[in-house]
Each structure stands twice: as structure tokens, then as C-alpha cells.
Amino acid sequence: MRSIAWVARISLLSGVLMAGPNPLAAQRISFAPNIGVYIPTTELVKAANGDEFKQEISLTLGGRLGIALGQRLGLEFTGAYAPSDLKFTPTGLAGQSQDANIFTGSGRISFQLVPYTSPVAFVVTGGVGVINRSGEFYSGVANKTDIGGTVGASARFRLGSLLRLQLSAVDYVYKPKAEIPGFGPNDEKKTQNDIHLSVGIGIPLLGLGQMGK
């Protein structure tokens, strides 16, 4: 239930900020529901006997809460769910797949290379990411969570006076410390670069003004 807890924290944060004494703060908060693709670029485990454990590509559903601290600097909190599979390939045999879902969340700093006042804004981000696993493959595992770093970039296109189309690419970089079923003492866990590509619509909360203005 870690994914539910993460969403609850984001909702609580947005509620506290919206209830603050300065109503202009609401103009600096936006929410962007998004859909995308989760692309794990590295096998999860390379076993000493040649067996491979590889998370597979999946669609994602998620959202981003953005808080503008000025014309260029801001904070972002994200969450995305990928109903993925994990492919286990024994040496010399065909691969077998099992349900192995991934929830990722992050808290990061954003910097506007081109400010929100422009029709097209370019943003770079960096921060901390959380990776939580669920599904049949991880059903008997106690520790299912990893923590790593994130780096990313976005392009945001103005759609009228309020909305923005957002295209994003984010890389979650971490070395798995969570338990992997079938992992032995001589097996090697690989440093992961999990790429998230997404498209979403940025919506100012309560429809108040443009971000950063």
C-alpha cells in the first residue's frame, strides 16, 4: 500500500498549501495528470550461472504536483504506476514472465531554462526518487522499495491562458537493494536507469492565473 500512502502525502501537501493565508500562493500550484511509458534499460540481476532477470517496458499512469517558487525555480512531486512484468530467462531456455508492477514517486527541484511567461518553457529537474515493487513475482518479498536519484527535462507548451501541454523525460538512477526472488550470493545486481517518458496537461489548481505570474 506504499503507493496509496505516497498519493495521500501529495494530497495533504497540496491541501495545506492551498489553505495558507496568502491566496496568491494558489496561483503558483498546478497539477498535471499524465500518461507515459516506463523503460527499464538494464537487466535487474545478472546471475552467476547466466540467468537473467529483466523488468519489461510498460505504460504508466500518474501525475505531477508543481509548486512555483519564482519565475524560474520550483518544486515537483510526482507519482506513476506501471503495470509491468518481469522476465526471467534461465540459461539456454526461453524466458518466462510474471506480474511485477512498479510504482515510482519523486520529490525534485525544477529550474526553468525558459520561464513560464514564454509560449514554450524548458525545464530541468533533479531530486530523490522512490521505487516500489508489487505483483506476483514480488508477493513473498518483505523489502520491496529502493531509493535513488532522478534527473529529467520537460518542454511545456501554452494552451490558452491557463493550460499547458507537458512532455517529460525522467531517469531514475539506483542500485537495487530490495529483495529479488531467486537472487543468490554470487549474483550481481545492476545499477538501474529506468526511463519515464510522459505527456500530460498542466492545470492550475482552482483555475487561478498562470504559474509563476
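Along each chain, the written sequence defines residue order, and numbers are assigned to residues from 1. Local features in this predicted model are restricted to residues whose pLDDT is 70 or higher, and side-chain atom pairs enter the listing and the counts only when it is 80 or higher, whereas totals over whole chains, interfaces and linings include all residues. Note: side-chain values were computed over all heavy atoms of the structure, leaving out hydrogens and water.

(A) Representation of the pairing of strand 1 (residues 29-40) in the model. Of the pairings in the sheet, the one linking strand 1 to strand 4 (residues 58-68) comprises ten bridges and is antiparallel in character. Bridging across to strand 4, Phe31 finds its partner in Leu65. A pair of strands is considered paired only if DSSP assigns at least 2 bridges between the two. Numbering of helices and strands starts at the N terminus; helices are DSSP runs of H or I of at least 4 residues and strands are runs of E of at least 2. Both strand 1 and strand 13 (residues 192-204) contribute to a ladder of nine bridges, which runs antiparallel. Among the inter-strand pairings, Gly36 is bridged to a residue of strand 13, identified as Ser198.

(B) Spotlight on the pattern of salt bridges. Counted as salt bridges are all cases of a side-chain nitrogen of Lys or Arg within 4 Å of a carboxyl oxygen of Asp or Glu. Inspection of every chain in the model, using the stated rule, returns four salt bridges. Here Glu76 makes a salt bridge to Arg108, at a shortest N to O gap of 3.1 Å. Here the residue Glu76 occupies a position in strand 5 (residues 73-82), and Arg108 occupies one in strand 8 (residues 101-112), the gap between them amounting to 32 residues. Judged by its relative accessible area of 1%, Glu76 is buried. Three or more residues joined by partner-sharing salt bridges are found here, namely Arg64, Glu76, Arg108 and Arg156. Think of it in three bands: with a 1.4 Å probe and only protein chains considered, a residue is buried below 20% of the maximum accessible area for its type, exposed above 50%, and partly exposed in between.

(C) Here's a closer look at empty space enclosed by the protein. Put simply, the grid is 1 Å and covers the protein atoms alone, a cavity is a trapped set of points that fit a 1.4 Å probe, a pocket is an open set with protein on both sides within 12 Å along at least five of seven lines, and lining residues have an atom within 4 Å of a point. Grid points are joined across faces, edges and corners, and a volume is the space filled by probe spheres set on the points. This model, assessed by the stated rule, comprises four cavities of 30 Å³ or more. There is about 230 Å³ of room inside the largest cavity. Along the walls of the largest cavity sit 19 residues, with Asn34, Thr78, Arg108, Val170 and Ser198 positioned nearest its centre. For the lining of the largest cavity, the secondary structure elements donating two or more residues are strand 1, strand 4, strand 5, strand 8, strand 11 (163-174) and strand 13. Note that Gly is not counted as nonpolar here; it falls among the polar residues with everything else outside the nonpolar set of Ala, Val, Leu, Ile, Met, Phe, Trp, Tyr, Cys and Pro and the charged set of Asp, Glu, Lys and Arg. Class assignment of the residues belonging to the lining of the largest cavity gives a composition of six nonpolar, eleven polar and two charged.

(D) Just the packing of aromatic side chains, in detail. Each pair of aromatic rings taken from Phe, Tyr and Trp, with Trp reduced to its six-membered ring, is defined by centres within 6.5 Å and is described as stacked if the planes are under 30 degrees apart, edge-to-face if over 60, and tilted in the remaining cases. Considering all chains together, one arrives at one aromatic pair under this definition. Summarising the aromatic geometry, the rings of Phe137 and Tyr138 are spaced 5.1 Å apart at their centres and angled 90° between planes, so their arrangement reads as edge-to-face. Just as Phe137 is buried, Tyr138 falls in that class too.

(E) Quick peek at the sheet that holds strand 10 (residues 145-159). Strand order in the closed barrel made by the eight strands is 1-4-5-8-9-10-11-13, with antiparallel pairing throughout. Strand-to-strand twist in this sheet, taken as the mean axis angle between neighbours without regard to direction, amounts to 25°. Interaxial angles span 0 to 180 degrees and are taken between N-to-C directions of axes, which are lines fitted to C-alpha atoms, for helices over the stretch in contact.

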